[in-house]
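# Commentary on secondary and tertiary structure
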Amino acid sequence: MEKSFLVQAVRGMNDVLPEQIGGWQLLERVTRELFAAYGFEEMRVPLVENTALFKRAIGEFTDIVEKEMYTFTDSGGDSLTLRPEGTAGVVRAAITNGLLRGARLKLWTSGPMFRHERPQKGRYRQFHQIDVEAIGFAGPDVDAELIAMTARLWRQLGITRVKLKLNSLGTSQSRRAYREKLVAYFRQHESVLDADSRRRLEGNPLRILDSKNPEMQAVVSAAPLLTDHLDPESREHFDALCAMLAASGIDYVLDPRLVRGLDYYSRTVFEWVTDALGAQDAICSGGRYDGLINQLGGDATPAIGFAMGVERVVELISQAGMPLTQPPPDVYVITSGERAQRNTLALVEKIRDELPQVRLHVNLGGGNFKAQFRRADKSGAPLALILGDGEFERGVAALKPLRQETGQSECPLSELTARIPAILKDLAGLSHAG
Ligand code: HAM
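Scope of this entry: the structure provided in the associated data block. If you're wondering where the values come from, they're calculated on a predicted model, not measured in any experiment.

## Here's the deal with the site of the ligand
Every one of the 27 residues lining the ligand counts as a neighbour, but E85, E117, Y265, A282 and S285 are closest to it. Within the side chain of R115, an N or O atom sits 2.9 Å from an oxygen atom of the ligand. Here F306 contributes a backbone N or O atom positioned 3.3 Å from a nitrogen atom of the ligand. Protein chains shield 95% of the accessible area of the ligand, which is 650 Å² for the free molecule. Contributions of two or more residues to the shell around the ligand are made by β6 (126–135), β10 (282–288) and β11 (303–309). Residues belonging to the shell around the ligand are distributed by class as follows: 11 nonpolar, eight polar and eight charged.

## Some thoughts on unusual backbone geometry
One non-glycine residue, R101, lies in positive phi territory at about 35°. Classification of R101 as exposed rests on a relative accessible area of 71%. The backbone of R260 shows a phi angle near 75°, a positive value even though the residue is not glycine. The residue R260 is located in the loop between β8 (253–254) and β9 (266–274) in this model. In this structure R260 comes out as buried when scored by relative accessible area, which is 12%.

What counts and how
Residues numbered from 1 in each chain as written. Predicted model: local features only at pLDDT ≥ 70, side-chain atom pairs only at ≥ 80, totals over all residues. Heavy atoms only, no water. Near = heavy atom within 4 Å. Polar contact = N/O pair within 3.5 Å; in protein donor to acceptor, adjacent residues only side chain to side chain. Areas by Shrake-Rupley, 256 points an atom, 1.4 Å probe, with all protein chains shown as cover. Helix = DSSP H or I, 4+ residues; strand = E, 2+ residues; numbered from the N terminus. Nonpolar A, V, L, I, M, F, W, Y, C, P; charged D, E, K, R; others polar. Buried < 20%, exposed > 50% of the residue type's maximum accessible area, 1.4 Å probe, protein only.

Quick look at the structure:
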């Protein structure tokens with residue numbers, strides 16, 4: 001096909017191929033079981049929400065809202081946005097479905113998120129998050145439990161090169177007072193600030209602390225620290241969290257410059273980072289958002305959550321060397337002749353009814369015996385089940401081990417389901433012995 005006719009994938013949006021899916025499935029399976037064990041329930045929310053939701057939740061002056069959202073007007077004239085993150089939608093759903101009412105909710109959700117960022121390794125325009133939200137809990141115990149749950153997840157996945165960064169942003173009031181101090185400080189050093197930071201001085205000065213610009217590092221590192229300006233309750237909350245983590249043997253690093261890119265946070269914020277992925281080092285991040293629910297029109301309810309970047313965690317899983325490929329079939333079914341072709345499906349479906357745990361691949365699309373045996377070999381199956389017209393006439397099937405020299409044998413069709421498990425067990429024993 002001529003190149004110009006080939007429609008390419010959208011930049012920054014990836015296919016997940018069968019050879020890569022093992023890590024995704026492992027992460028999905030392990031998180032599903034882990035979250036259930038901690039009492040979290042799954043929910044699903046739409047990929048598309050009214051644009052106003054994200055503007056209000058994430059903040060007008062954040063990078064996400066200012067430049068990264070996929071926003072469009074639909075044919076009815078509504079401004080809609082592909083979700084850039086999961087928290088806003090979950091909170092919106094909790095409010096509009098009347099789930100709050102003083103309830104304590106432990107929820108999780110997952111799926112694709114969309115941000116128009118500059119794509120690079122580990123940073124994509126469609127990426128996936130697994131997102132956990134605990135709504136209605138005020139104390140530091142839930143902060144600690146969420147962090148302990150993620151620490152357990154890394155252990156279960158064999159991921160070791162991770163570090164927990166922790167900070168407290170205080171309440172919105174204490175942050176306001178700090179913010180004024182920070183703006184005054186940066187104004188004194190305005191000549192050193194780059195254009196981006198000067199713009200942020202008005203809308204979102206805390207984000208200047210995140211700047212990676214080397215020419216600004218001296219000024220940024222001498223800036224007043226939020227942690228020195230915490231209100232007493234936030235300080236107490238944070239100290240209690242740190243004490244619980246220490247008592248549980250969970251290592252953390254205090255990072256007074258961890259401010260996060262979304263405006264809804266208050267008090268605890270945290271980020272798990274790794275040195276194994278290059279520049280995009282955050283694999284799981286979150287924090288408290290005690291003011292968000294009220295800000296979106298629900299009753300004031302404290303809450304905390306986090307989201308992990310699935311692509312990044314999957315990359316760490318594959319680096320950890322977990323066996324991730326789908327197992328080969330147990331039995332490859334070879335079939336030849338008109339009568340056999342007609343009757344194979346019914347026979348095989350009956351075996352599948354009775355032996356649902358046996359992975360059975362049927363040769364599809366015909367082919368002579370030689371070609372079918374080649375496919376059977378390639379499939380990796382230890383056993384071939386051969387059904388020709390002759391066999392059907394005599395009411396038998398031939399069974400041929402594919403990985404051992406043991407010869408072919410015959411088995412009455414009516415005894416197949418009784419014999420196959422035992423034969424597979426023998427073959428597995430033989431292959432381990434060899
Ligand atoms: P976030 O830090 O924006 O937080 O994203 C969470 C995680 O998603 C990051 O740590 C990273 O692993 C992954 N991620 C973010 N952007 C990209 C991207 N462009 N490509 C690949 N991975 C990415 C949130 O989204 C909050 N909603 C988390 C939260 C939940 N806070 C409270 N509850």
